[in-house]
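Close look at the chain arrangement
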Amino acid sequence: MDFLRSIVFLIGALLIIVLAARQMGEVFSRYKLPLISGFLFVGVMTGPFILDFVHTEDVPKFLLLDELSLAFIVFAAGAELELNVIRGYFRSILSLIGGQIIAVYAVGLTAFLLIKDMVPFMSGLPGGEILAISLLGATIMIARSPSSALAIIKELRARGPFTHKVLGATVLMDAVVIVIFAASISIAAVLVEGTGFKVGLLAFVVLEILLDILLGILVGQLLRFIMILPFKNLKWARSVLILLLGLSVFLLSNELHGLHLSSLPIGLFSEPLLICMTAGLYIANYTRNSSDFQHIIEYMSPGVFLLFFTLVGIELELVVIGQSWVVLLILFAARAAGIIVGSIAGTTLSNDRSNGNAFLGLGFITQAGVSVGLAKEIGVEFGSWGPQLATLSIGVIVLSQVVGPPILKWAITKVGEAHTRAESPEFDGVRDAIIFGVEGQSLALARQLETHEWNVLMVECKPELIGESVNGRRIEKLEEISVNELQRLGMSAADGVVLMLSDEENYAICELIYENYGIDNVIVRLQDREHFEKFHELGALVIEPVTAMVSLLDQFVRSPMAASMLLGMDSTEEFLEIEMNNPDLDGVAIRDLHFPHDVLILSISRKGSRLISHGYTRLQI
């Protein structure tokens, strides 16, 4: 009964900590810091070394949650390895990976051996164990962070040779490092047990890795089966099954770990991370369920990363970091130097002279996810010094995660491959609209806008309409889809743009508006539903004619009065959106404003959120 009570209490405590970590992550993000930094902070604060909300003896009870999260993270890492992305730059990416592996591994191994006397848990150990620690520590240095790199690239809408090489090498590197880690951990086990190095060891290591890969393909088939189960609109059901499958891989690996080949201390299927990574890679590249699996990964990621990095913070041994902070900085600097040297060597050997190669090394500083997983795996495998090495490695990872993303962001911008949104223009006092496409609907829209005192310019690229007058309205010619042509049409003064051309033409114009003009009010009439997301990512308001008509009829059936008001069918009623710029009204409650009796405020939009207003709602500029 006492044991059950303690477990319930521990789960309740963890729930409170995780909720606090979620809030702290949002606070950190406001200051342009990674979300996971906030998660780690709360974990550290509530762990055994500061507030002691979770006691030291309770930490091992989180092992199953650690393994559950680790399996998911590596599934996601394997799924990010999309072969189509790296195929076009395969030679350059392989050269980068080769150069970095050799340089970082050599620098990392040397650094650990040179500073062994500065690290408390390494001093006094036999030579074999020191070499094992150095091998494993250097291996973790090689790992990258595909999720962080992908987040930065999506934020900047980056594309180009530099971006493709950074993303391809980052994702593929995680696959390579897990294979290297599987070999390193087997060799380290031999060194720790002091059985001596045998010639057949490497052959057995290769066999072990091949067995792990085969089992990974089998797990990939099970993932595929989960994705085709008839769970309509039940993402949580698939999510639970995926997490349980990942946990099963770890449990099976632990059971089979004791089976040895010959007289060598190498277990069958000993690396669950390699198994899970292979499974994710398989379903992403060799099945038709890649898109569905990616959606499930995106659905699960926030919760799993929140739990995982909060637990990392709780389990972090601050005593080790306090004793070895100088070592931590040395290892971080050594890793960064190895990455830069390896990148230069890789591009030189491949004879790659693409723009931005001088900054390539700066794109690989970030670490997270799989790196932390490898560190925690060491903590489990080697009980005497494993947790201390894991803590030291996680310290380097956290520093890399804080420093790396801003550096990558700067590098992408520096080489000119960032495509971010331009600043929104100031209102010049005149409402201007540009409508692309001439037809009955667009002409009617132009007339309607003009009745509300908008200046309307109509643009077309069809030869038969260019330069002609349609219903007494002159049509401007769109020579080409370019910034210069949009500038000639007066796009910099536009307050609203309506795109009614083909989806391809609409997207090209929408992208130029996003990157060069930052106009908030861009409306797109969609032809193919498949293109909805890419317009939505550019902040466009997308209208699908068939769906819009059905929704309108539905609104008329269920609420005819509201629909008639919305459509302006009563000439005495009108909807307006007003931007509040008067500093004298900042902070004034709506109830204190003096409106005419027939004016009603329906809602207020503030910082991207819509508020249902009431009398005590205060205005903000």
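Now for a description of the structure that goes with this document. Predicted, not measured: the structure shown is a model, and the values here were computed from it.

**With respect to the packing of aromatic side chains**
All chains considered together, the criterion is met by 4 aromatic pairs. Where phenylalanine 359 meets tryptophan 410, the ring centres are 5.6 Å apart and the plane angle is 75°; that geometry is what we call edge-to-face. Separated by 51 residues along the polypeptide, phenylalanine 359 in the loop between α14 (325-349) and α15 (370-381) and tryptophan 410 in helix α16 (residues 386-414) bring together distant segments of the chain. Residue tryptophan 410 is classed as partly exposed on the basis of its relative accessible area, which comes to 45%. Between the aromatic rings of tyrosine 507 and phenylalanine 535, the centroid separation amounts to 5.6 Å while the plane-to-plane angle is 80°, which identifies the pairing as edge-to-face. With a gap of 28 residues between them, tyrosine 507 in helix α19 (residues 503-516) and phenylalanine 535 in helix α20 (residues 532-537) connect regions that are remote in the sequence. Note on accessibility: tyrosine 507 and phenylalanine 535 belong to one class, buried. Geometry around phenylalanine 532 places arginine 529 over its ring, the cationic atom sitting 4.6 Å from the centre.

**Looking at the pattern of salt bridges**
Taken as a whole and judged by the stated rule, the model has 8 salt bridges. Residue aspartate 58 is joined to lysine 61 by a salt bridge in which the shortest nitrogen-to-oxygen separation is 3.2 Å. By relative accessible area, which is 13% here, aspartate 58 ends up buried. In this structure, arginine 529 engages glutamate 544 in a salt bridge whose closest nitrogen and oxygen atoms are separated by 3.3 Å. One end of the pair, arginine 529, is in the loop between β7 (522-525) and α20; the other, glutamate 544, is in the loop between β8 (541-543) and α21 (545-558), and 15 residues separate them in sequence.

**A word on the environment of isoleucine 217**
For isoleucine 217, the location among the structural elements is in helix α9 (residues 201-227). On the basis of relative accessibility, which here comes to 34%, the residue isoleucine 217 falls in the partly exposed class. A sequence separation of 291 residues divides isoleucine 217 from alanine 508, and the C-alpha atoms of the two residues are 40 Å apart. When near neighbours in sequence (up to four residues on either side) are disregarded, isoleucine 217 contacts Thr278 and Tyr282.

**Considerations on empty space enclosed by the protein**
A complete count under the given rule lists 3 cavities of 30 Å³ or more for this structure. The computed volume of the largest cavity comes to approximately 80 Å³. Listing elements by their share of the lining of the largest cavity, those giving two or more residues are α6 (127-142), α14 and α16. The leading source of residues in the lining of the largest cavity is α16, at 4 residues.

**So, the packing of helix α2 (residues 35-46) against helix α12 (residues 290-315)**
Remark: α2 packs on α12, axes separated minimally by 6 Å, with the N-to-C direction vectors making an angle of 40°. Looking at the two axes, α2 sits oblique to α12. When you trace α2 past α12, the crossing you get is right-handed. Seen from α2, the contacting residues are Ile36, Phe39, Leu40, Gly43, Val44 and Thr46; seen from α12, they are Phe305, Leu306, Phe309, Thr310, Val312, Gly313 and Ile314. Along the lines of polarity and charge, the residues of the contact of α2 with α12 split into 9 nonpolar, 4 polar and no charged.

Calculation notes
Residues numbered from 1 in each chain as written. Predicted model: local features only at pLDDT ≥ 70, side-chain atom pairs only at ≥ 80, totals over all residues. Heavy atoms only, no water. Phe/Tyr/Trp six-rings, centres within 6.5 Å; stacked < 30°, edge-to-face > 60°. Helix = DSSP H or I, 4+ residues; strand = E, 2+ residues; numbered from the N terminus. Buried < 20%, exposed > 50% of the residue type's maximum accessible area, 1.4 Å probe, protein only. Lys NZ or Arg CZ within 6 Å of the ring centre and 35° of its normal. Salt bridge = Lys/Arg side-chain N within 4 Å of Asp/Glu carboxyl O. Contact = heavy atoms within 4.5 Å. 1 Å grid on protein atoms, 1.4 Å probe; cavity = no way out; pocket = protein on both sides within 12 Å on 5 of 7 lines; lining within 4 Å. Points joined across faces, edges and corners; volume = space filled by probe spheres on them. Axes fitted to C-alpha atoms, helices over the stretch in contact; angles between N-to-C directions. Parallel < 35°, antiparallel > 145°, perpendicular 65-115°, else oblique. Left-handed = near helix turned anticlockwise from the far one by under 90°. Nonpolar A, V, L, I, M, F, W, Y, C, P; charged D, E, K, R; others polar.

Worth remembering: the numbers are spatial, not functional.
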